[in-house]
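Spelled out from the first residue to the last, the chains are:
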Amino acid sequence: MLWGGNIGALEIRAEGGETHLSAVFPYSSETELAPGRREVFAPHAFRARVEAGEEIHLLTQHDYSKPLASTAAGNLTLRDLDEGLELRATVDASTSWAADFIAAHKAGLVRGISPGFRVERGGDRVERRGAEIVRTVHSASLFEISAVTVPAYPQAQIEARAWETHQDRLPVRGAVYPLNRWRL
């Protein structure tokens, strides 16, 4: 999901009694996560799990208790393209949360997408550009992608990428902690 960036909007259409969803999460589109903190996904950042056929879920608002589709169920297809991660899903509106999602989308309330992922050591590069810190994600394990109300990282990522965590206060010289390794 991108805050103020060039996000791919969700598109929904009904066909033959089914609801189809499509969207693209763009690569190479830099976004500001917080003042002075920027992030960009390099092309094919999510390739590994997508091409391996790993189970990936489509959720509402990053909530695993509200699934809309999954690759394992066969109603979610992901393609890792040069320009972005393309998703196509068939959503069954027979659950209350799926019906709510479809109604919210039709009302213009849910338009963005947001990936749920983990970056392993070596999967990103952090550099300082003037007063800003820019993180480029080259390789990330994608576990889910969500339809979200506000396509922005602050709600979804601040806890996972806190600028300061309890580990910042540990007196271990030279230690690199996963949540803090991209702080400069």
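Residues numbered from 1 in each chain as written. Predicted model: local features only at pLDDT ≥ 70, side-chain atom pairs only at ≥ 80, totals over all residues. Heavy atoms only, no water.

Draft legend 1. The sheet that holds strand E6 (residues 63-70), seen in detail. With mixed pairing, the four strands of this open sheet are ordered in space as E6-E5-E12-E9. Of all the strands in the sheet, just E6 and strand E9 (112-118) have a single pairing partner and so form its edges. The sheet shows a mean angle of 35° between the axes of neighbouring strands, direction not considered. Where E9 lies against strand E12 (residues 141-148), seven bridges are found, and the strand directions are antiparallel. Within E12, the residue paired with proline 115 across the bridge is isoleucine 145. Taken strand by strand, helix H2 (residues 96-106) contacts strand E5 (57-60), E6 and E12, and its axis lies near 75° from that of E6. (Pairing = 2+ DSSP bridges. Helix = DSSP H or I, 4+ residues; strand = E, 2+ residues; numbered from the N terminus. Axes fitted to C-alpha atoms, helices over the stretch in contact; angles between N-to-C directions. Contact = heavy atoms within 4.5 Å.)

Draft legend 2. Region of the structure containing the packing of aromatic side chains. Per the counting criterion, the structure on display carries six aromatic pairs. Arranged with centres 5.4 Å apart and planes meeting at 85°, the rings of phenylalanine 25 and phenylalanine 41 form a pair that is edge-to-face. Here the residue phenylalanine 25 occupies a position in strand E2 (residues 18-26), and phenylalanine 41 occupies one in strand E4 (residues 37-41), the gap between them amounting to 16 residues. Residue phenylalanine 25 is classed as buried on the basis of its relative accessible area of 0%. Between the aromatic rings of tyrosine 27 and phenylalanine 46, the centroid separation amounts to 6.2 Å while the plane-to-plane angle is 40°, which identifies the pairing as tilted. With tyrosine 27 in the loop between E2 and strand E3 (31-34) and phenylalanine 46 in the loop between E4 and helix H1 (47-51), the pair connects residues that are 19 residues apart, well separated along the chain. The exposure classification of tyrosine 27 matches that of phenylalanine 46, with both residues buried. (Phe/Tyr/Trp six-rings, centres within 6.5 Å; stacked < 30°, edge-to-face > 60°. Buried < 20%, exposed > 50% of the residue type's maximum accessible area, 1.4 Å probe, protein only.)

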